[in-house]
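# Fold and geometry: a report
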Amino acid sequence: MAVAHRIGFRGRLVTVMVALVAVVSLSIGGLLMLYLFEDEKARAMEQLRLGERVADEVLDRRTSLILSRLDVVVRDFGFRSAVASGDRPTADSALANQARRVGARFAVLLDNDSIALAESGTPPDRLQSGQLLAEARQSGYASRMAVFGDKGVELIAIPVEAPGLRAWLIAGFSLGAELSDVIGRLSGTEAQFRTGANSEARFLESTQYFTRIVKLTENGPSALQLLLQINREASLANYYRRAVEIILLVSTVLVLAALIALMIARNMGRPVLQLADYAKAIGDGRTPLPPPIRAGGELAQLRQALGDMLTKLRDREDQIRHAASHDEITGLPNRNAFLSQLREQFSSGKPCCLLGLRINDLSDVNDTLGLEFGDKVLRAVSARLADQLPDMSALARTGGGEFLMMTPQQSEEELEAQANGLRLAVESPLMVETTPFSLRCTMVTLQLPADAMNTDQVRRRLNLTFEQAQKSRQAVTHYQPGDDENHLRELQIISDLNAALTDNSLYMNYQPKLEMVCASFHQVEALVRWIHPELGFVSPEEFILLAEKSGQINELTRHILHRVAEDAGEWHAAGLNIGVAINLSALDLTRPDLPDDVAEAFSRWQLPMSRITLEVTESALMDDPETALETLRRLRQLGVTLSVDDFGTGYSSLSQLRKLPVQELKIDKSFVLHLDAEPQDQLIVRSTIDMAHGLGLRVVAEGIENVESWNLLRNWGCELGQGFFLSRPVAASDLQATEQLLSNRQRDLTHTGETLS
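Structural notes, computed from the coordinates. (Residues numbered from 1 in each chain as written. Predicted model: local features only at pLDDT ≥ 70, side-chain atom pairs only at ≥ 80, totals over all residues. Heavy atoms only, no water.)

## Concerning the layout of surface pockets
- The space that makes up the largest pocket amounts to roughly 1,100 Å³.
- Every element with two or more residues in the lining of the largest pocket is listed here: β17 (507-515), β18 (520-532), α15 (540-550), α16 (553-573), β20 (579-583), β21 (612-617) and β22 (641-647). (1 Å grid on protein atoms, 1.4 Å probe; cavity = no way out; pocket = protein on both sides within 12 Å on 5 of 7 lines; lining within 4 Å. Points joined across faces, edges and corners; volume = space filled by probe spheres on them. Helix = DSSP H or I, 4+ residues; strand = E, 2+ residues; numbered from the N terminus.)

## Remarks on the environment of K659
- Relative to the helices and strands, K659 resides in helix α20 (residues 654-659).
- When its relative accessible area of 59% is taken as the criterion, K659 is described as exposed. (Buried < 20%, exposed > 50% of the residue type's maximum accessible area, 1.4 Å probe, protein only.)

## Overview of empty space enclosed by the protein
- Within this structure, the stated rule accounts for 1 cavity of 30 Å³ or more.
- Roughly 40 Å³ of internal volume is contained in the largest cavity.
- Around the largest cavity, the lining residues are L70, V73, L95, Q98, A99, V102, A104, A107, L169 and A171.
- Of all the secondary-structure elements, those providing two or more residues to the lining of the largest cavity are α1 (2-75), α3 (88-102) and β5 (165-174).

## Quick notes on the state of the cysteines
- All told, the structure shown has 0 disulfides when counted by the stated rule.
- In this structure C441 is a free cysteine whose sulfur lies 18 Å from that of C353, the closest cysteine sulfur available.
- What makes C441 buried here is its relative accessible area of 8%.
- Free cysteine: C718, not disulfide-bonded; nearest cysteine sulfur from C518 at 13 Å. (Disulfide = S-S within 2.5 Å.)

## Observations regarding the environment of L527
- Locating L527 in the fold gives a position in strand β18.
- Linking L527 and L742, residues 215 residues apart in sequence, is a C-alpha distance of 19 Å.
- Not counting chain neighbours up to four residues away, the residues in contact with L527 comprise Y507, M508, N509, Q511, N583 and P729. (Contact = heavy atoms within 4.5 Å.)

## Quick notes on the environment of M45
- Among the secondary structure elements, M45 is positioned in helix α1.
- M45 gets classed as partly exposed once you look at its relative accessible area, which sits at 28%.
- For the pair M45 and I230, spaced 185 residues apart in the sequence, the C-alpha separation amounts to 9.0 Å.

## Re the pairing of strand β24 (residues 698-702)
- Across the 5 residues that make up β24, a large majority, 4, are buried.
- One ladder, built from 4 bridges, connects strand β23 (residues 664-667) with β24; its direction is parallel. By the bridge assignment for β24, L665 is matched with V699.
- In this fold, the crossover linking β23 to β24 by way of helix α21 (residues 679-694) has right-handed handedness.
- Of the pairings in the sheet, the one linking β24 to strand β25 (residues 720-722) comprises 3 bridges and is parallel in character. Bridge assignment links E702 to a residue of β25, and that residue is Q722. (Pairing = 2+ DSSP bridges. Right-handed = clockwise from strand over helix to strand, strands pointing away.)

## Digging into the pattern of salt bridges
- Applying the stated rule across the entire model yields 29 salt bridges.
- A salt bridge links K280 to D284; the shortest N-O distance between them is 3.2 Å.
- We classify K280 as exposed; its relative accessible area is 52%.
- With a relative accessible area of 49%, D284 lands in the partly exposed category.
- Among the salt bridges present, the one from K666 reaches E702, with a minimum N-O distance of 3.9 Å. Remark: E702 occurs in strand β24 and K666 occurs in strand β23; sequence separation between them is 36 residues.
- Look at K666 and you get buried, because its relative accessible area is 0%.
- Each member of the salt-bridge network shares a partner with another, and the members are K513, E525, E615, K666 and E702. (Salt bridge = Lys/Arg side-chain N within 4 Å of Asp/Glu carboxyl O.)

## Examining a nonpolar patch on the surface
- On the surface, V255, L256, L259, I260, L262, I264 and M268 cluster together into a nonpolar patch covering about 610 Å² of accessible area.
- Of note, L259 is situated in helix α7 (residues 237-283).
- In this structure L259 comes out as partly exposed when scored by relative accessible area, which is 46%. (Patch = residues over 30% accessible without salt bridge, like charges linked within 9 Å, V, L, I, M, F, W, Y side chains within 5 Å. Areas by Shrake-Rupley, 256 points an atom, 1.4 Å probe, with all protein chains shown as cover.)

## Let's talk about the sheet that holds strand β15 (residues 441-448)
- With respect to topology, 5 strands assemble into an open sheet ordered β11-β12-β10-β15-β16, the strand pairing being mixed. The strands lining the two open edges of the sheet, one partner per strand, are β11 (394-399) and β16 (476-478). In this sheet, neighbouring strand axes are inclined to one another by 20 degrees on average, regardless of whether the strands run parallel or antiparallel.
- As paired strands, strand β10 (residues 352-359) and β15 are joined by 8 bridges and run antiparallel to one another. Bridge pairing links C353 to Q447 in β15.
- Across the sheet, helix α12 (residues 412-427) lies against β10, β12 (402-408), β15 and β16, angled at about 155 degrees from β15, the strand it touches most.
- Contacting β10, β12, β15 and β16, helix α13 (residues 455-472) crosses the sheet at an angle of about 140 degrees to β15. (Axes fitted to C-alpha atoms, helices over the stretch in contact; angles between N-to-C directions.)

## A few points about the sheet that holds β5
- Within the open sheet, the 5 strands sit side by side as β2-β1-β5-β4-β3. Their pairing is antiparallel. What marks the edges here is a single partner per strand, and that holds for β2 (116-120) and β3 (142-148). Along the sheet, successive strands turn relative to each other by an average axial angle of 20 degrees, direction set aside.
- When strand β1 (residues 106-110) meets β5, the two strands line up antiparallel, connected through 5 bridges. Looking across to β5, one finds that L110 is bridged to W168.
- With respect to the sheet, α3 is in contact with β1, β2 and β5, its orientation differing from that of β2 by roughly 45 degrees.

Dropping the structure here:
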């Protein structure tokens, strides 16, 4: 794939075309060469078959010629007289003369009993004349091929009559190079006689010759064959010439194909590359002109399609850009577009004023009259705002029922007047589809850049100002410097609280509670503390409230339970048998797994579970009474003591209090701090103690600051007391020393004020 990218489109096109032509040309050339080779081979075989017929004809003619000569010999009078004389020397001499005349290698005269009458030359010892003479008697003569030694010989037998059969003449004629040369010359082959060969194949193919074997005798050790051969190189010379011509032809075709492919690729590739550059420019977001392509057909259609695509892309981008920067309901710029304008305003350095408006009742309008009607209301409000704003102003709908406006710089009084005018315009009765109604809205203002230096500050301080406006319920709320810093502090506390829980950097203090009858150390109230590394001491009221807002209160409560259980284990080990009271958040009572967390944390608690007191506020019980009651019942099943904290500051009724599974009331310290000097507080506290006793509840008084308050509460029957008069909150490690101090004061506390009862 990487190679394909490097050679490019035209290179690939040329490669494909040349490769295709090469495959076709080489296939055709290869087939032609194969056919030519087979043709040349068939020619050689045909020539060898003709050579075989020529050899047969030559051998037959030679035999006939020899017979003619031998017939002359046997008819010669002198020869027959010599044979008839019966004289062996005479007969040998005559036979020798005649043998030399006919060119025989040897000759022999045999009588009818195959007894030699005369001999010439050197007849072979193994001359088998029986079959030869039998054939001669039947046909008048006989001829056969034979091998004597390693030489081929043609034997011819003919009768000698003078008159009557006198003898049989058998002559042997050598088959030599002279005869083979004649056969080779007449047949156009290379001919030679071979003896002793034993091959059944009539045609042999080697690397040098095409060979045809003509068997002159039967196969065997004395076999005689005639080999006809054609030189292979000479026979294939024509084939080689044709092959060179074919290779040249194929090469020429390939070169021409490459040149044609280059021309085609050049003509086709250029417009394709132009279209590719055109498409790439479109993809890069540019608006190029269509390339000037001369070719028609598909390329022209492709250029037209790319041009149409470019037009549609631009239209779609315009629609997307408009949708991204405008509100689809009112058609006004949206939040992003307004913030962009605001950034430009900051960049220009020109001061301006920002007004924000939120429709308070938009959700009610949507819920009661429908979203379509709510959209019409938004359009009506945007039209009224646009009518009221000066020409140089910017107006945007930034979400829900919120509108933001940017106007030229003006004084506080002018801005206040303009904001009131806008508010009155929006809140004046509307008539939408014959439905009259009025809206309420919240107006806020900011002076820029005095109140915010960038868009992030604008967004944050605008939201803060809206929150302040919701609380203050003023007609127009202006941003007040310092609100943002408080908000940032809250954000930092929320952000760092999780790290404090993870790092275990919170710590616990414990404030003693004393049994007022005997002034004995009964219990401690666990109070969580936090020293922030940057903000210093953070009050528990502040970070607990923020934990509730940020959803971290459950983790904080779980952390406190385990820390208190761990500290309690240590002081129990030190011999202090004192219980513990833990404050719960209202949100804790809505968590079903709170009882499980309490049971897990105090699984190693050594005292009765009743010495663990869980304090809940009246507001927690009143916010979600059913869920709180269910949680309290489950906590009560654990055996812990339940106490209503800060009693007297909430809104609980006696009927509801009677239903709660609590065992204790804790009078809020606001009624106890000045108990010795405030008769009304005395009346409230004494009535509360009597009421609690009437309901079977114990009473805890917190905020005891002096001995007079201690004595009053003690004499009124209050069971438990807590306050700085008795002890300030101390660390777990100081509880033992505190217990000792309280023991030292026990006598004074139990004997003072008895006369006041």
